Amino acid sequence: MNPIIFIMILLNLFLGTMITMISSHWLLIWMGLEMNMFSMIPILMIKPNPRATEAATKYFLTQATASMLLMLAVIINLTHSGQWTIMKMFNPMASYTMTVALAMKLGLAPFHFWIPEVTQGTPLMPGLILLTWQKLAPMVILYQIYSTINFNLMMTMAMLSIMIGGWGGLNQTQLRKIMAYSSIAHMGWMTAIIAYNPSLMILNLMIYLTMTITMFIMFISTSSTTTLSMSLTWNKTPILTTMTLTTLLSMGGLPPLSGFIPKWMIIQELTKNNMIMMPTMMAILALLNLYFYMRLIYSTSLTLFPSTNNMKMKWKLKSTKLPPLTPTLIIVSTMLIPLTPMMLILD
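Please read these numbers as outputs of a predicted model, since none were measured by experiment.

Draft legend 1. Looking closely at the nonpolar core. W26, Y59, M98 and M282 are the most contacted members of the largest nonpolar core, which totals 104 residues. The element that contributes the greatest number of residues to this core is helix 10 (residues 198-222), accounting for twelve residues. Setting aside residues up to four positions removed in sequence, Y59 forms contacts with N36, M37, M40, I41, L44, W114, V118, L130 and Q134.

Draft legend 2. View of empty space enclosed by the protein. Overall, the coordinates contain three cavities of 30 Å³ or more when judged by the stated rule. Its volume calculated, the largest cavity comes out at about 100 Å³. Taken together, L33, N36, M37, Y59, Q63, K105, W114, L130, Q134, K135, A137 and P138 form the lining of the largest cavity. Put simply, the parts of the chain that give the lining of the largest cavity at least two residues each are helix 2 (26-44), helix 3 (50-81) and helix 7 (133-145). Element by element, the count of residues in the lining of the largest cavity is highest for helix 7, at four residues. Residue classes in the lining of the largest cavity are distributed as seven nonpolar, three polar and two charged.

Draft legend 3. Seen up close, helix 4 (residues 92-106). Along its 15 residues, helix 4 runs 21 Å from first to last C-alpha, staying within 8% of the 21 Å computed at 1.5 Å per residue. Most of helix 4 sits inside the fold, with twelve of its 15 residues counted as buried. Among the residues of helix 4, those classed as buried are A94, S95, T97, M98, T99, V100, A101, L102, A103, M104, K105 and L106. On its buried face, helix 4 is in contact with helix 2, helix 3, helix 5 (114-120), helix 7, helix 8 (151-167) and helix 9 (175-193).

Draft legend 4. Spatial organisation of the packing of aromatic side chains. Inspection of the entire model under this criterion finds seven aromatic pairs. Between F151 and Y196, the ring centres sit 5.7 Å apart and the planes meet at 90°, which makes this aromatic pair edge-to-face. Remark: Y196 occurs in the loop between helix 9 and helix 10 and F151 occurs in helix 8; sequence separation between them is 45 residues. For Y196, a relative accessible area of 26% puts it in the partly exposed group. Each ring, one from F260 and one from W264, has its centre 5.7 Å from the other, and the planes form 15°; the classification is stacked. Placement of both F260 and W264 in helix 14 (residues 260-272) is noted, with a separation of four residues, approximately one turn of the helix. A relative accessible area of 23% places F260 in the partly exposed class. For W264, a relative accessible area of 36% translates into the label partly exposed.

Conventions used here
Residues numbered from 1 in each chain as written. Predicted model: local features only at pLDDT ≥ 70, side-chain atom pairs only at ≥ 80, totals over all residues. Heavy atoms only, no water. Core = buried A, V, L, I, M, F, W, Y, C linked by side-chain atoms within 4.5 Å. Buried < 20%, exposed > 50% of the residue type's maximum accessible area, 1.4 Å probe, protein only. Helix = DSSP H or I, 4+ residues; strand = E, 2+ residues; numbered from the N terminus. Contact = heavy atoms within 4.5 Å. 1 Å grid on protein atoms, 1.4 Å probe; cavity = no way out; pocket = protein on both sides within 12 Å on 5 of 7 lines; lining within 4 Å. Points joined across faces, edges and corners; volume = space filled by probe spheres on them. Nonpolar A, V, L, I, M, F, W, Y, C, P; charged D, E, K, R; others polar. Expected span 1.5 Å × (residues − 1). Phe/Tyr/Trp six-rings, centres within 6.5 Å; stacked < 30°, edge-to-face > 60°.

Take it as geometry only, folks, not as evidence of what the structure does.
This is the structure:
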């Protein structure tokens, strides 16, 4: 792709998200989402092949349907309130439709089917943008209208997302699909707490973004797309592989690491609101995610592959230069837990 065109597409992607995030008028919010969607399609097809075309088509159809439902909810709200600005929705149908539209944008279950397929059909860098930057605009809309969304529907979708995010990744060997199911599960945790404490949702989003960016940067640095290719990195970059595995444990929410912070706070907040079964089920289902992260760790570092010294030397000869922010991202993804009391005060 022409570099100038690519920069213009990235700028349009950035502007679309920013317009959505800073607007209080529904038409501008919708226009920002549309700009964002149309910029993402050529990024998904940056390496044109049939699989990328299929992924971009699936992304377009899903996002266009979600945009249509969002506009329907806005028009229903307009007819009942006479207002285009973000405000309390007077009509239950508008609230219900808005919740479904934003769930489709985010990939919450049962509207999750497109996320693993689209992520798998594109290279690692577009997959990174899809699972990080593309979550910002819908999450900001949810943050602004959290008091008017359909609570029961949102909690049901959150629990379904955590279940499917855990179960879906169990039989996967493709790293991009594993990250996609991980994203579905994390979105479930975020939307489960939004009705009670939206600030916790923002904290969870920030930590999720940091961990996901760290994982994808390390996958890109080692050119790993499958469990098998990741297992061969142990001979080439043992320290980077160790950091990858530590970040995976953090994504699973293992207590000494950063990923434990949002899970701990969300469970605490739900328990304070007299919800016992919901956080219990969420904590149990989080073990499914931890299981397939542990399986990656097992296949990468705890198995001996029948590789000769020649193969090891061949792999060592390929040098990779890490992006400058990688050490910082790794530290933030794994060592934030001492800052938890400060986060509680800010919350």
